[in-house]
Amino acid sequence: MTAAFPIQPVARFAGKSELVKRPKEFACFSYDADHKFHLGAQSLKWYYTPDLNVDLSKGFESFIKHDDSVDEHLDSLLTTIADYEQKTSKPIDAHIIMAAPFDDDGFIEENHAYKQASRANERPWNGPIPQEVMQYWGYKFETLSTLPRPWGQTSRDFIESRPDHVVNNKEQYCSVVRTGIGKTILCIGGEVDAIWDDKPRTQGDPINWVELKTSAVIQNERQANNFERKLMKFWIQSFLLGVPKIIVGFRTQDGLLVETKEFRTMEIPLMVKKNGRPKWDGDTCVNFANGFLEWLRHTITDEGVWRIKRRPRSAEIEVFKVEEVGHGDIITDEFMNWRIKLELRQAQPPTEDNGAEE
C-alpha cells in the first residue's frame, strides 16, 4: 500500500495557524564526553558570551568527532521515556514519538541508511575550505559560547581559555518534551545547546534554552535571502522544542567570528514578514505540519514498519509499508517488554483493602 499527501499548492495551508501547545520538558538524558548514555542533565551547558575575532578553524586537527555512521535509532529516547513511565506508572500521552536533527504510538526516526547513501553520492566538494572544516565551525562556536557550570562557579581562566579548548561533539544534552499541533500530541527528543540561567524547579515550566548557530556575514541581497531561508530551519527546530532564544555567530568567508546576534524564536516569522518579500510563512508551516500529521495518523492504521518519503522536487509526500510486521529495530525489545508489562499492570483490577480483622 502506498498513499500520498499533496503539498501543492502551498496556498491551501495559508491562513491563521492551528493551535500549537507549548512544549513542556518532562524528562532529559545526556551523552558524556565518550558518548555514553546517562539519564539526567549531566551534559547540560550554560551560555556565556564568546570572544570575537576568533578563528573558528582553530583546533580542527584535534577535533573529537562523534561517529554518526552508527545507527543509534531511538534507543536513548525510549530508555528515557520508559524510566519516566516507571516513575509515573502510566504511559506518556502522545500520538507520535520522534527524535528531532521530527497510545496508538507511532515512532518516527530518520532513515539512517538513506542518509549514509546520500552522503556517499554527494558531488565532490571543491570549495576553497574543506567541507569538514566548515562543518567544524558550528561546533567550535558552541565551545566558545558555553560553560560546563554557571558563570559564578567557573574560573576566569577557564572562560578566557575557551578559544584553546578541544572541541568534542560527542557530549550532548537532550530534552524530551510533550507538545502538540492541532489534534496531534507529540513527544519529541532533541539536543539543546545551552541554558541562559538555570532550569526551573517546577517540571514543565518554561526553560530559557539557547540554540547556537553560525552563518556567513550578510553583505548582499543574495546572502540576505539565504539567511532568511536558514531562519526557517532555525525557527522550526527551536519552536518545536520550546527554545526561546537563538544566538547566531556571524563569520567571514574564511571562518573568523566577527559578530553575535540574538533572535527571539517567537518573533522570527513576523521579522521575516516585515522584510518585504518573505521566502516562507510561519502560519503556513504550522498548518502544513498539522495537516500532514493528522493525515498520517489516519493513514497508518495497522502494524508494521512504514516509510515516509518525498522525492526531490516532488509535489507530494509518499507513505508506504516496508515490513508487514515487527518494528524494524526502531523500537527496542526492552521498551516493547516494558510496555507489555505496563499494559498488564494497568489491566489488573485495583486491590480492595477491607482492613485487618482483630
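Remember, predicted model here, so these are calculated numbers, not experimental data.

J.: Would you explain the overall build of the protein in this entry?
T.: Counting its regular elements, the protein contains 8 helices and 16 strands. Expressed along its principal axes, the backbone C-alpha trace of the protein runs to roughly 80 × 60 × 40 Å. Residue burial in the protein is summarised as follows: out of 358 residues, 40% are buried. For the protein, the accessible area works out to roughly 20,800 Å², and carbon and sulfur atoms hold 50% of it.

J.: Sorry if this is basic, but what is going on with the sheet that holds strand β16 (residues 316-323) here?
T.: The strands making up a sheet associate through backbone hydrogen bonding, with each pair oriented either parallel or antiparallel. Taken in spatial order, the 3 strands of this open sheet run β1-β16-β15, and their pairing is antiparallel. Edge positions in the sheet fall to β1 (2-6) and β15 (305-309), since each of these pairs with one other strand and no more. Here the average twist between neighbouring strands, direction ignored, is 25°. Looking at chain direction, β15 and β16 are connected through 5 bridges and run antiparallel. The partner of Lys309 across the bridge, within β16, is Glu318. The strands touched by helix α7 (residues 282-299) are β1, β15 and β16; relative to β1, the strand with the most contacts, the crossing angle is about 160°.

J.: How should I be thinking about the environment of Gly180 in this particular structure?
T.: Along the chain, the position of Gly180 falls in strand β9 (residues 172-181). A relative accessible area of 0% places Gly180 in the buried class. Considering only alpha carbons, one finds Gly180 and Lys274, 94 residues apart in sequence, at a separation of 28 Å. Other than its neighbours up to four places away in sequence, Gly180 contacts Leu19, Val20, Lys21, Ile185 and Leu186.

J.: Would you mind going over the side chain of Thr154 with me for this structure?
T.: Take Thr154: it is sitting in the loop between β8 (146-147) and α4 (156-160). Overall, the relative accessible area of 10% leaves Thr154 in the buried class. From its side chain, Thr154 meets the backbone oxygen of Arg149 in a polar contact 3.2 Å long. Aside from chain neighbours lying at most four places away, what touches Thr154 is Leu147, Arg149 and Ile159.

J.: Explanation requested: the state of the cysteines in the structure shown.
T.: Joining two cysteines, a disulfide is a covalent bond between their sulfur atoms. Using the criterion set out here, one finds 0 disulfides in the structure. Unpaired in this structure, Cys174 has its nearest cysteine sulfur neighbour in Cys28, at a distance of 9.3 Å. Cys187 forms no disulfide, and the closest cysteine sulfur to it belongs to Cys174, at a distance of 12 Å.

J.: Just checking my understanding: could you explain the nonpolar core for this structure?
T.: Within soluble globular proteins, side chains that are nonpolar tend to cluster in buried spots. Counting 43 residues, the largest nonpolar core has Trp209 and Ile268 as its most contacted members. Among the elements that line this core, the one with the most residues is helix α5 (residues 221-241), at 7 residues. Discounting chain neighbours no more than four positions away, the residues touching Trp209 are Glu25, Leu44, Tyr173, Ser175, Val192, Ala194, Ile195, Lys199, Gly242, Val243, Pro244 and Lys245. Counting 23 residues, the second largest nonpolar core, distinct from the first, contains Ile81, Phe107, Phe335 and Trp338.

J.: Mind showing me how you'd approach the packing of aromatic side chains here?
T.: A ring pair, where both rings are aromatic, is described by two values, the distance of the centres and the angle of the planes. By the definition in use, this model includes 20 aromatic pairs. Each ring, one from Phe107 and one from Phe335, has its centre 5.9 Å from the other, and the planes form 80°; the classification is edge-to-face. In this pair, Phe107 is assigned in strand β7 (residues 106-108) and Phe335 in helix α8 (residues 333-347), connecting sequence segments 228 residues apart. Judged by relative accessible area, Phe335 falls into the buried class, the value being 3%. Measuring from centroid to centroid gives 5.4 Å for Phe227 and Phe250, while their planes differ by 50°, and the two rings are tilted. Of the two residues, Phe227 sits in helix α5 while Phe250 sits in strand β13 (residues 245-251), which places them 23 residues apart along the sequence.

J.: How do you make sense of the UniProt feature "domain: RAI1-like" (unreviewed entry) in the protein when you look at a structure like this?
T.: Within the UniProt annotation, "domain: RAI1-like" (unreviewed entry) is assigned to residues 21-97 and 99-335. The span residues 21-97 is 18% helix and 26% strand, and its two end C-alpha atoms sit 15 Å from each other.

J.: Help me out: how do you make sense of the confidence of the model for the protein in this one?
T.: When pLDDT is low, close inspection of the predicted coordinates is not appropriate. Here the protein averages 91 in pLDDT, while 95% of its residues score no lower than 70. With pLDDT under 50 throughout, residues 354-358 is counted as low confidence; its partners more than four residues away or in other chains account for 0 contacts.

J.: What am I meant to see in the environment of Asn290 here?
T.: Looking at where Asn290 falls in the secondary structure, it is placed in helix α7. A relative accessible area of 10% places Asn290 in the buried class. C-alpha of Asn290 to C-alpha of Lys183: the two residues are 107 residues apart in sequence and 7.9 Å apart in space.

Scoring rules and cut-offs
- Residues numbered from 1 in each chain as written.
- Predicted model: local features only at pLDDT ≥ 70, side-chain atom pairs only at ≥ 80, totals over all residues.
- Heavy atoms only, no water.
- Helix = DSSP H or I, 4+ residues; strand = E, 2+ residues; numbered from the N terminus.
- Buried < 20%, exposed > 50% of the residue type's maximum accessible area, 1.4 Å probe, protein only.
- Areas by Shrake-Rupley, 256 points an atom, 1.4 Å probe, with all protein chains shown as cover.
- Pairing = 2+ DSSP bridges.
- Axes fitted to C-alpha atoms, helices over the stretch in contact; angles between N-to-C directions.
- Contact = heavy atoms within 4.5 Å.
- Polar contact = N/O pair within 3.5 Å; in protein donor to acceptor, adjacent residues only side chain to side chain.
- Disulfide = S-S within 2.5 Å.
- Core = buried A, V, L, I, M, F, W, Y, C linked by side-chain atoms within 4.5 Å.
- Phe/Tyr/Trp six-rings, centres within 6.5 Å; stacked < 30°, edge-to-face > 60°.
- UniProt positions renumbered as here; feature names shortened; annotations may be inferred.
- pLDDT = per-residue confidence, 0-100.

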